[in-house]
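Analysis of the macromolecular model
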Amino acid sequence: TAATAATAATAATAATAATDCAEPTNLTNSTTRSVTTMQFDDPTRGRGLQTEIWYPASPETADLPRNKYSDYLGRGLIPGSIEAAEEEDAIGGYRDGITIAELDETWPNEAVRDARVCDQCTSPWPLVIFSHGSGAFRASYIYWTEFLASHGFIVVACDHPGSARYTQVDGEVIRPGGARSKRSQMEADRPADMLFLLDCMEDLSSKRADSRFAGRIDTTRCALTGMSFGGWSTAAALESRDPRVKAAILQCPSLSMSGSGTLAEERQEMEVPVMVQLGTEDTVIGEAGNEAGRRYVQTHNGPAYCVEVVRGGHVSFTSGDLYNPKYGNGIGSSCGSLTKPGTQYEPLKIEEQHQIINSYGLAFLNAHLRSDAETSPGMAASAGTFNGEYLTANHFGDEVLLNAKP
């Protein structure tokens, strides 16, 4: 079983208040959400994971002050931790001259820190576990993690030590380097981290280690999700065939680059519903990576969907625009093209890309984690609109390529 050491940190904020978390019917009319930070310790591996949990919050918390970016960094309580975060190989690497003080002013958190959990929902919420990309950070995907919490999911994302550009464990700042950053070690650790978090969430819900989550998390309806190296980690974790995992979303997965590069062909798990999301102009995983993602869907036996953002790239599947609106590879006004080498393309506005990613992702999760939505109001959220039927149609014209295999 998972050993949990909960340390309250901070980060997140309330969103638009809905009268009941069962009622949202579109992407913006969503329930209030909150966020909390915990450290989970796995004694069998000697590994601690700083972890963010986003969850539906009580509507009256919507007017509370929003989270600040420094809350993700423990408010700087560790001496030198803010300065370490600002170094160019940590958070400072997202843009020259960026500071945590600036991010505290500009970061658009819509979650309240450590707010009271929503008590208007009578059924436990499905669980979504997210794995970040290589050299990334757990908070850099709020377009996705906060969004899902606002639609009635518990969303959990850890930093993978050795792979994260910055994390804190046991009161110390941890940066990449050493044995844990060797590729083979990261490939072993990351899928294990995701499944360990699933155990931790089961403990939180069933053992009442935290009153906020006691009986609130349905770990029998879990989706694994991840971006880039996290997408590969998701596919690798699926190979465990954990019966609690009912769905998976792979965002621009590094299937052709990680492991032996043959997981798409050699995998054993081919029944759990999957969605692969790609950026047609992704120059990081390249055409080989995009083709591996398409092939993963095409050869899958169970329900499978491939959603391609035609004018999207690798970083489209992050909140990197919040650090740097000219980040590149899917973010900005002009980026190098994969499909037409040597030329530039104009990415679709990042807000519109995220709308595509979130719309299909939400519909997929509602369809495969909420079979009882109609009879369980607390689980319904936006399932009336974003559901299995939504998945079978192209709602964005030429901006999307869709392969649906219900």
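Small disclaimer: the values here were computed from a predicted structure and weren't measured. (Residues numbered from 1 in each chain as written. Predicted model: local features only at pLDDT ≥ 70, side-chain atom pairs only at ≥ 80, totals over all residues. Heavy atoms only, no water.)

Let's talk about the state of the cysteines
Here is the idea: a disulfide is a covalent bond, and it sits between the sulfur atoms of two cysteines. What counts, and what does not: Whenever a pair of cysteine sulfur atoms sits within 2.5 Å, that pair is classed as a disulfide.
For the structure on display, the rule yields zero disulfides. Here cysteine 158 is not disulfide-linked; the sulfur of cysteine 200 is the nearest cysteine sulfur, at 9.5 Å.

Notes on the pattern of salt bridges
This is how the line gets drawn: One speaks of a salt bridge when a side-chain nitrogen belonging to Lys or Arg is within 4 Å of a carboxyl oxygen belonging to Asp or Glu. Accessibility here uses a 1.4 Å probe with only protein chains present; expressed as a share of the type maximum, an area under 20% marks a residue as buried, one over 50% as exposed, and anything in between as partly exposed.
Tallied over the entire structure, the rule returns 28 salt bridges. Note that arginine 116 is salt-bridged to aspartate 119, the shortest N-O span being 2.8 Å. Judged by its relative accessible area of 43%, arginine 116 is partly exposed. A relative accessible area of 42% places aspartate 119 in the partly exposed class. Counted as one network, the salt bridges with shared partners bring together Asp42, Arg45, Arg47, Asp189 and Asp193.

Thoughts on the packing of aromatic side chains
Each aromatic ring pair is described using two quantities: the centre-to-centre distance and the angle formed by the ring planes. Where we set the bar: Between rings of Phe, Tyr and Trp, where Trp is taken as its six-membered ring, a pair exists when centres lie within 6.5 Å; planes separated by under 30 degrees are stacked, by over 60 edge-to-face, and by other angles tilted. The secondary structure listing takes helices from DSSP runs of H or I that are at least 4 residues long and strands from runs of E that are at least 2 residues long, numbered from the N terminus. Geometrically, a charge over a ring is one whose NZ (Lys) or CZ (Arg) sits within 6 Å of the ring centre while staying within 35 degrees of the ring normal.
Scanning all chains against the criterion turns up 15 aromatic pairs. Centroid distance tyrosine 69 to tyrosine 323: 6.0 Å. Interplanar angle 85 degrees. Geometry classified as edge-to-face. Note that tyrosine 69 is positioned in the loop between strand S3 (47-56) and helix H1 (81-85) and tyrosine 323 in the loop between strand S12 (304-309) and strand S13 (335-336), a separation of 254 residues in sequence. Note on accessibility: tyrosine 69 and tyrosine 323 belong to one class, buried. An aromatic cluster is defined as three or more aromatic residues linked by ring pairs; in this entry it consists of Tyr69, Tyr72, Tyr94, Trp107, Phe137, Tyr166, Tyr323 and Tyr327. The aromatic ring of phenylalanine 229 is capped on one face by arginine 190, whose charged end is 4.3 Å from the ring centroid.

Some thoughts on the packing of helix H4 (residues 183-206) against helix H5 (residues 229-238)
Just so we agree on the cut-off: Each axis is a line fitted through C-alpha atoms, taken for helices only over the stretch in contact, and angles between the N-to-C directions span 0 to 180 degrees. Our angle categories are set so that under 35 degrees counts as roughly parallel, over 145 as roughly antiparallel, 65 to 115 as roughly perpendicular, and the remainder as oblique. Each crossing gets its handedness from the near helix: less than a right angle anticlockwise from the far helix is left-handed, clockwise is right-handed. Between two residues, a contact is recorded if the distance between any of their heavy atoms is within 4.5 Å.
For the pair H4 and H5, interaxial distance at closest approach is 9 Å and the crossing angle is 65 degrees. Taken together, the axes of H4 and H5 are roughly perpendicular relative to one another. The two elements H4 and H5 meet at a crossing, and its hand is right-handed. Along the contact surface, H4 presents Arg183, Met186, Glu187, Arg190, Pro191, Met194 and Leu195, while H5 presents Phe229, Gly230, Trp232, Ser233, Thr234, Ala236 and Ala237.

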